[in-house]
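Residues per chain are reported as follows:
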Amino acid sequence: MKRLPYLPYLLPGLVLFIGVIGVPFVMNIGTSLTEWSGTGSPTWVGLDNYRELAKDGEFWASFRHNGLVIVGMAIVPTVIGLVLAALLTDLIDRHFGSRTASTLRACIYMPQVLPIVIAGVVWSWLLAPENGAVNKLLTALGLGSLAHDWLGDPSTALWSVLGVMVWIQIGFPLVVFMSGLQRVDPSLYEAAEIDGASWARRFWHVTVPQIRPEIFVVLLWTTIAALKAFAPIYVLTKGGPGGATNVPSYYSYQNFFEKTDVGYGSAIATVLTLIIVALTVVFLRVQGSDLGEER
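Okay, so let's go over this structure. Remember, predicted model here, so these are calculated numbers, not experimental data.

Rules behind the numbers
- Residues numbered from 1 in each chain as written.
- Predicted model: local features only at pLDDT ≥ 70, side-chain atom pairs only at ≥ 80, totals over all residues.
- Heavy atoms only, no water.
- Helix = DSSP H or I, 4+ residues; strand = E, 2+ residues; numbered from the N terminus.
- Buried < 20%, exposed > 50% of the residue type's maximum accessible area, 1.4 Å probe, protein only.
- Contact = heavy atoms within 4.5 Å.
- Areas by Shrake-Rupley, 256 points an atom, 1.4 Å probe, with all protein chains shown as cover.
- Polar contact = N/O pair within 3.5 Å; in protein donor to acceptor, adjacent residues only side chain to side chain.
- Axes fitted to C-alpha atoms, helices over the stretch in contact; angles between N-to-C directions.
- Parallel < 35°, antiparallel > 145°, perpendicular 65-115°, else oblique.
- Left-handed = near helix turned anticlockwise from the far one by under 90°.
- Nonpolar A, V, L, I, M, F, W, Y, C, P; charged D, E, K, R; others polar.
- Patch = residues over 30% accessible without salt bridge, like charges linked within 9 Å, V, L, I, M, F, W, Y side chains within 5 Å.
- Salt bridge = Lys/Arg side-chain N within 4 Å of Asp/Glu carboxyl O.
- Expected span 1.5 Å × (residues − 1).
- Core = buried A, V, L, I, M, F, W, Y, C linked by side-chain atoms within 4.5 Å.

Glancing now at the overall build of the chain. Across its full length, the chain carries 14 helices and two strands. Across its three principal axes, the chain shows a C-alpha extent of roughly 75 × 75 × 30 Å. Every one of the 295 residues in the chain was classed for burial, and the buried ones make up 38%. At a minimum sequence separation of 6, the contacts of the chain that also span at least 24 residues come to 69%. Total accessible area on the chain is roughly 16,700 Å²; 68% of this is exposed by carbon and sulfur atoms.

Attention now goes to the side chain of threonine 89. Examined against the element boundaries, threonine 89 turns out to sit in helix α3 (residues 57-96). A polar side-chain atom of threonine 89 sits 2.8 Å from the main-chain carbonyl oxygen of alanine 85.

The next subject is the packing of α3 against helix α11 (residues 212-227). The axes of two packed helices give the description: the angle between them and the distance between them. With their axes 8 Å apart at the nearest point, α3 and α11 run at an angle of 150 degrees to one another. Judged by the inter-axis angle, α3 sits roughly antiparallel to α11. Our pair here, α3 against α11, has a crossing hand that is right-handed. Mapping the contact onto sequence places Asn66, Val69, Ile70, Met73, Ala74, Thr78 and Leu82 in α3 and Ile215, Val218, Leu219, Thr222, Thr223, Ala225, Ala226 and Leu227 in α11. For the contact of α3 with α11, the residue count by class is 11 nonpolar, four polar and no charged.

Close contact between helix α9 (residues 186-194) and helix α10 (residues 199-210) brings their axes to 10 Å; oriented N to C, the two are set at 165 degrees. Taken together, α9 and α10 sit at an angle that is classed as roughly antiparallel. Crossing of α9 against α10: the hand is right-handed. For the pair α9 and α10, the contacting residues are Leu188, Tyr189, Ala192 and Glu193 in the first and Arg202, Val206, Thr207 and Gln210 in the second. The class makeup of the residues in the contact of α9 with α10 is four nonpolar, two polar and two charged.

A cluster of nonpolar side chains, Leu11, Leu14, Leu16, Phe17, Ile18, Val20, Ile21, Val23 and Met27, forms an exposed patch at the surface whose accessible area comes to about 870 Å². Looking at the secondary structure, you find phenylalanine 17 in helix α1 (residues 7-32). Note on phenylalanine 17: relative accessible area 47%, which makes it partly exposed.

Looking at where glutamine 210 falls in the secondary structure, it is placed in helix α10. In this structure glutamine 210 comes out as partly exposed when scored by relative accessible area, which is 31%. Along the sequence, glutamine 210 and leucine 181 sit 29 residues apart, while their C-alpha atoms lie 7.8 Å from each other. If we skip the residues at most four places from it in the chain, glutamine 210 touches Arg183, Val184 and Leu188.

On to the pattern of salt bridges, then. If you walk through the whole model with that rule in mind, you get two salt bridges. With its nearest N and O atoms 2.7 Å apart, the salt bridge here joins arginine 51 to aspartate 48. In this pair, arginine 51 and aspartate 48 both sit in helix α2 (residues 48-54), three residues apart, roughly one turn of the helix. Of the residues examined, aspartate 48 reaches a relative accessible area of 38% and is grouped as partly exposed.

Right, let's talk about the environment of lysine 259 for a bit. Its location among the elements puts lysine 259 in the loop between α13 (248-258) and α14 (262-294). Note on lysine 259: relative accessible area 44%, which makes it partly exposed. In the structure, lysine 259 is positioned 42 residues away from valine 217 in sequence and 37 Å away in space, judged by C-alpha atoms. Among all residues touching lysine 259, those that are not within four sequence positions of it are Glu58, Tyr251 and Gln254.

Along an α-helix, residues three or four apart share an orientation, since each turn contains 3.6 residues. The end-to-end C-alpha separation of α10 is 15 Å, in line with the 16 Å expected for 12 residues at 1.5 Å each. For α10, every residue scored as buried is listed here: Arg202, Phe203, Val206, Thr207 and Val208. Contacts from the buried residues of α10 go to α3, α8 (171-181), α9 and α11.

Nonpolar side chains in soluble globular proteins generally cluster together in the buried interior. By size, the foremost hydrophobic cluster in this structure holds 34 residues, and its most contacted members are Val69 and Met165. Elements represented by at least two residues in this core include exactly α3, α5 (116-126), α7 (157-169), α11, α12 (231-236), α13 and α14. In contact with methionine 165, not counting residues within four places along its chain, are Val69, Gly72, Met73, Ala229, Pro232 and Ile233. The next biggest cluster of nonpolar side chains, apart from the first, holds 18 residues, and it includes Leu82, Phe172, Val184 and Tyr189.

This is the structure:
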């Protein structure tokens, strides 16, 4: 009963959630149970789309690619962002001042501010096979033999896209971790330094345990972003060459708009959504149990 006065403040958000997320999701599930080209009347097929999905090799290949995208958008940026945040806070800020640390933080965060489309177009120019800056730089350094069609070769396309994603994503964990480090007592670092602990030991035994909640949040946020990654794939490779960079979100788009198989595209989107929800629940449970143990 004590919580009832807060309900009116929650209702607008609840109404928006139902209207923007809940209703479309339920409609998407309904569409996934039909065969429909987007025009005319849909034909009920039940779970046929999901049965076909279970046997679709291209769908499972896109999920394998998505596993690497999680590495490029979640794990690697989180690790690099954590190390950079510790360096900027524990070394740069202390020895060169907060203004220098803030300037470096802003520079690293800049790719996050850029629209994904603009960043993708710029990188497609840089990685172009003939006039791209990357190949020209390699040639100028006498490494012309390494010049390559980075986005056009199936063996390097996905790795090139992952490199771009890491560059874009690093700024987000960096800012979150630097903000989290503001609540860490500086005396912990001073005591560790007096005891002769190296920077690496201070990082592992002071920084990481103190900002564990922020690490959970960043990993959850970036993993969800990686699972539904679409814009970088669309701008850089459009799932090619030969499906080498296809991911579930783009595969769903292909079935929706290119193949006009709306029911099948809806089934892919439904499975992807359920995976994201399940992963979110697991993350929150792990975080909750971890915080409970600390208390």
